[in-house]
Amino acid sequence: MIIVIGVGNDFRRDGAAGRGVGRRVRAAAPTGVQVLEHDGEPAGLLDVWDGADIAYVVDAVRGTDGPGTVHRVEVGSESPLHREPRDSTHALSFGEAVDLGRVLGRLPGRLVLVGVEGGDFAAGQGLGPEVAAAVGA
C-alpha cells in the first residue's frame, strides 16, 4: 500500500501546504494510493502510516531557501531530521516520532518527508503566492 499524508492546518496560512498537496494528489491518485489529511500530531502518524509499504508525508516547513522551496528527505536507518530548536505545539517533533516508530517497529517500509517551505504561518487562510505555486506543481 502507498499512502500520501497531507499534513497541516487550513487556518495557519502557508501551514496548509501539505493538505493542499494531499488534495491535489487525491484528485489524480491511481488505484492503490491512499491519500489522507492529518492535523500533524506526530505521534498520531504512527497509526496513520502503519502497514504502508511507502508513506509520503507532505508538510509545510520553515527554512532558509525561501517560500515555495520543496525539500525531499527519505528517512533511512538514521534519521536526518533536525530536532532543535523546537517550534511546535505537539508533544513530539516529527523526528522524535520517526525515532519512536523505529524503536517500536512501526515505520512504513519506506518513509519520505516532502517539505514545502512556508513564509507566513500566522492565523488566517490562504497560501502565499510562492507556496501556492509549489503546491500546484
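The following paragraphs examine the structure supplied in this document.

Here is what the cut-offs are and how they apply
- Residues numbered from 1 in each chain as written.
- Predicted model: local features only at pLDDT ≥ 70, side-chain atom pairs only at ≥ 80, totals over all residues.
- Heavy atoms only, no water.
- Helix = DSSP H or I, 4+ residues; strand = E, 2+ residues; numbered from the N terminus.
- Core = buried A, V, L, I, M, F, W, Y, C linked by side-chain atoms within 4.5 Å.
- Buried < 20%, exposed > 50% of the residue type's maximum accessible area, 1.4 Å probe, protein only.
- Salt bridge = Lys/Arg side-chain N within 4 Å of Asp/Glu carboxyl O.

With respect to the environment of Val75
Structurally, the position occupied by Val75 is in strand β4 (residues 70-75). Residues Val75 and Leu107, 32 residues apart in the sequence, show an inter-C-alpha distance of 9.7 Å.

What about the nonpolar core?
Grouped together as the largest cluster of nonpolar side chains are 14 residues, with contacts concentrated most on Ile5, Trp49, Ala55, Val57, Phe94, Val98 and Leu111. Secondary-structure elements contributing two or more residues to this core are β1 (2-7), α2 (42-48), β3 (54-61), α3 (94-104) and β5 (110-117). Considering each element in turn, this core owes the most residues, 3 residues, to β1. Within the second largest apolar cluster, 13 residues are counted, among which are Val4, Val35, Val58 and Val112.

Details of the pattern of salt bridges
Counted according to the given criterion, the structure contains 9 salt bridges. With a shortest N-O distance of 3.6 Å, Arg13 and Asp120 are connected by a salt bridge. Taken as a pair, Arg13 in the loop between β1 and α1 (17-28) and Asp120 in the loop between β5 and α4 (129-136) lie far apart in primary sequence, 107 residues in all.

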